[in-house]
Every structure is written in structure tokens, then in C-alpha cells.
Amino acid sequence: MIRALVMLLALTACSDDSALRLVAATPDHGPLVGGTTIMLGGGGFSRGVPVRVLLGGREAPLARVIDETTLEVVIPPGERAGAAEVIVLADAGITTAAHLFHYSVPPTIDTVSPAEVLFDSTTTTVTVTGSGFLDEAAGELDVLV
């Protein structure tokens, strides 16, 4: 009898549309330097009520409730590439999600050829080789000489 009551209470809690929960991040990735805006989807958010969001243990500099199912979050800088636990703290409680968001691997430069460029040269082609230049959240490609 007690086990059936506990199971019934658990099912009722799971089906409560007002329960604080996270189900998605859009986009689901961002750069290690932070600063990108993402949307967290879920439920149980209260408009006008402040929330705090932590990604990988670091607090987001901006987190605001858009509506009952959406949070707008500016991601903080990350410590390392990979999955970052998302924690939302609100008046309704605390909810966490382990695999909704990840920090992307930053691009790396292996070689630059030629190693030197003459100042008075009118045209010189410089070749930069490496990895991750076109990967998710790599950002705009700018080469400064």
C-alpha cells in the first residue's frame, strides 16, 4: 500500500506542468570564451521572477525568463570543451541537466607558411593549417598579420 502511494505521488509530480524542468538548449553548444546567447527550454519558469543559471559550475552573466517554458541565457566562459551540467535555480526549486549543452573545441593552428612576410611585398599568400576552423561555434575566421 505504501509503495503504491509513493509511486502515485512520483507519477503526479512528473506530470505536473508547473514543475521546474529542462528539456533542451538551442543551440546546444557554445565557445569556451562564453558570451553566446542560448535558449533553454523546459517548464515551470515564472515570468518576472529572477532565475540563476550555472553552466559547468559557472554562473551565467545574464539569465532571464522569456515565458513559462523558455529562458534566455548568456553563457559564461567554460573551463574545458565537452558537456557542461546546466543548473537552474528559481523560486520553484532547482533543476539540473547533464547533457543538454556542451562547450565546443576551439580551433587550433598547427603551422603558418611562410613564417615571415616582407613588409614591402605587394602580394603574399599565407597558408594557415590546423583544425576546427569550420567546426560548431568556431566563429568568424579572421587572420591578422
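See the structure printed just above.
Residues numbered from 1 in each chain as written. Predicted model: local features only at pLDDT ≥ 70, side-chain atom pairs only at ≥ 80, totals over all residues. Heavy atoms only, no water.

(A) Focus on the packing of aromatic side chains. This structure, assessed with the given rule, holds one aromatic pair. Ring centres of Phe101 and Tyr103 lie 5.2 Å apart, and the angle between their planes is 85°; on these two criteria the pair is classed as edge-to-face. Residue class for Tyr103 comes out buried when judged on its relative accessible area of 3%. (Phe/Tyr/Trp six-rings, centres within 6.5 Å; stacked < 30°, edge-to-face > 60°. Buried < 20%, exposed > 50% of the residue type's maximum accessible area, 1.4 Å probe, protein only.)

(B) Region of interest: the nonpolar core. If you look at the biggest cluster of nonpolar residues, it comprises 22 residues, and the most contacted ones within it are Leu22, Leu40, Val53, Leu55, Leu71, Val73 and Phe101. At the level of elements, β1 (21-26), β3 (37-43), β4 (52-55), β6 (62-67), β7 (70-74), β8 (82-90) and β9 (93-103) are the ones that each hand at least two residues to this core. It is β9 that contributes the most residues to this core, four residues altogether. Not counting residues up to four positions away in its chain, the partners in contact with Leu55 are Ile38, Ala60, Val73, Ile75, Pro76, Ala84, Glu85, Val86, Phe101 and Tyr103. (Core = buried A, V, L, I, M, F, W, Y, C linked by side-chain atoms within 4.5 Å. Helix = DSSP H or I, 4+ residues; strand = E, 2+ residues; numbered from the N terminus. Contact = heavy atoms within 4.5 Å.)

(C) Geometry of the sheet that holds β8. Pairing in this open sheet of five strands is mixed, and the strands run β2-β9-β8-β4-β5 from one edge to the other. Every interior strand has two partners, whereas the edge strands, β2 (29-30) and β5 (58-59), have only one. Where β2 meets β9, two bridges bridge the pair, whose relative direction is parallel. Looking across to β9, one finds that His29 is bridged to His102. (Pairing = 2+ DSSP bridges.)

(D) Fine view of the environment of Thr95. Note on placement: Thr95 falls in strand β9. With 75 residues separating them along the chain, Thr95 and Leu20 place their C-alpha atoms 6.3 Å apart. The residues contacting Thr95, other than those within four sequence positions of it, are Leu20, Arg21, Leu22, Val86, Ile87 and Val88.

(E) Seen up close, the pairing of β8. Note: β4 against β8, four bridges, orientation antiparallel. Note on β8: the bridge partner recorded for Val53 is Val88. When β8 meets β9, the two strands line up antiparallel, connected through eight bridges. By the bridge assignment for β9, Ile87 is matched with Thr96. The hairpin formed by β8 and β9 contains two residues between the paired strands.

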